[in-house]
Amino acid sequence: MAEILGDQRVQSEVLEGLATAVNHRRWFVELALPYLGDNPIEIGSGLGDYALEWAPHLPRFTATEADPDRLVALKERLADHPAIEVRQMLLPHDEIGGEYSAAVSYNVLEHIEEDVDALRSMRDLVRPGGAVIIIVPAFQFAMSPADIATGHVRRYTKRTLGAAMTGAGLRVERIHYANALGLIGYFMATKVFRLMPKEGPMVKVYDTTVLPVTKAAEQLVRPPFGQSVFAVARVPG
């Protein structure tokens, strides 16, 4: 079993702050929806914000969390949602079975030293033909004190994430950058001014004014860079 990297208190504070970025979350919710199938599992559900957005569209959903304290909070928050199962999971693991239609994991892989093993573990949870859906932070030059404090081991490019997925025995179907302007804002805020990405006026202004324009533009033209890398890979049949 891998260890949980980073300051868990800081991670929770960042999650709570970014929960206010509603437009950002809904954009990323929409990216994964076509690939989730009928019974997906989310790896690293945090406070459950994405789970609560995805679950109404699906007959079954499994949310997971590695950190014991956040797991308790996650179970409490999702207790009134009978279609959502909550369980503890830390990657990589030795579990096999392939019962899920997809494994989705947002901003988790960058915390794990053995990222190929973690992707292989996700693959083993999914039945043949199902999807592994990943979002990770992009570009190593943007690695900041905020990344280090929250336990980021690395940031990715399309090439490095695609190579990790292929190395895990997955077939990459779709991969692209997302939120180009967000990369510029993140770099300035966390690398130049050394701020933490928490709730505040800057996050709210970006989410309500800049992000909708960015999303609309990127639906027309995929940018050559972004704050995140989004990828979908298939489990071989």
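Residues numbered from 1 in each chain as written. Predicted model: local features only at pLDDT ≥ 70, side-chain atom pairs only at ≥ 80, totals over all residues. Heavy atoms only, no water.

In the nomenclature of an unreviewed UniProt entry, the protein corresponds to Methyltransferase family protein from the organism Micromonospora sagamiensis.

(A) Quick peek at the packing of aromatic side chains. The tally for this structure, following the rule as stated, stands at nine aromatic pairs. With a centroid separation of 5.0 Å and an interplanar angle of 25°, the aromatic rings of Phe139 and Tyr177 are classed as stacked. Of this pair, Phe139 sits in the loop between strand 5 (126-137) and helix 6 (145-149) while Tyr177 is found in strand 6 (residues 171-178), placing the two residues 38 residues apart along the sequence. Ring pairing ties together the aromatic residues Trp27, Phe28, Tyr50, Trp54, Phe61 and Tyr106, which thus form one cluster. (Phe/Tyr/Trp six-rings, centres within 6.5 Å; stacked < 30°, edge-to-face > 60°. Helix = DSSP H or I, 4+ residues; strand = E, 2+ residues; numbered from the N terminus.)

(B) Structural detail: the sheet that holds strand 3 (residues 84-88). Pairing is mixed in the open sheet, where seven strands are placed in the order 3-2-1-4-5-7-6. In the strand order of this sheet, the two ends are held by strand 3 and strand 6, each with one partner. Helix-sheet contacts for helix 4 (residues 68-77) involve strand 2 (61-65) and strand 3, and the interaxial angle to strand 3 is about 165°. (Pairing = 2+ DSSP bridges. Contact = heavy atoms within 4.5 Å. Axes fitted to C-alpha atoms, helices over the stretch in contact; angles between N-to-C directions.)

(C) Local environment of the nonpolar core. In this structure, Leu109, Leu119, Met122, Val132, Ile134, Leu161 and Met165 are the most contacted members of the largest nonpolar core, which totals 32 residues. Secondary structure elements with two or more residues in this core: strand 4 (100-106), helix 5 (115-125), strand 5, helix 7 (158-167) and strand 7 (228-234). Here Met122 is in contact with Ile43, Leu91, Ala103, Ser105, Leu109, Val132 and Ile134, once residues within four sequence places are set aside. Ranked by size, the runner-up nonpolar core spans 30 residues in total, among them Trp27, Leu78, Ala178 and Tyr206. (Core = buried A, V, L, I, M, F, W, Y, C linked by side-chain atoms within 4.5 Å. Buried < 20%, exposed > 50% of the residue type's maximum accessible area, 1.4 Å probe, protein only.)

(D) Geometry of the packing of helix 2 (residues 22-32) against helix 9 (residues 201-220). At a closest axis distance of 9 Å, the pairing of helix 2 and helix 9 adopts a crossing angle of 25°. By the angle class used here, helix 2 and helix 9 are roughly parallel. Touching Val22, Asn23, His24, Trp27 and Glu30 of helix 2 are Asp207, Thr208, Leu211, Pro212, Thr214, Lys215 and Glu218, all from helix 9. (Parallel < 35°, antiparallel > 145°, perpendicular 65-115°, else oblique.)

(E) Highlighting the pairing of strand 4. Buried residues dominate strand 4, accounting for seven of its seven residues. Pairing geometry for strand 1 (residues 41-42) and strand 4, over two bridges, is parallel. Residue Glu42 lies in a different strand from strand 4, and its bridge partner there is Val104. Where strand 4 lies against strand 5, six bridges are found, and the strand directions are parallel. Note that in strand 5 the partner of Ala102 across the bridge is Ala131. Running through helix 5, the crossover from strand 4 to the neighbouring parallel element strand 5 is right-handed. (Right-handed = clockwise from strand over helix to strand, strands pointing away.)

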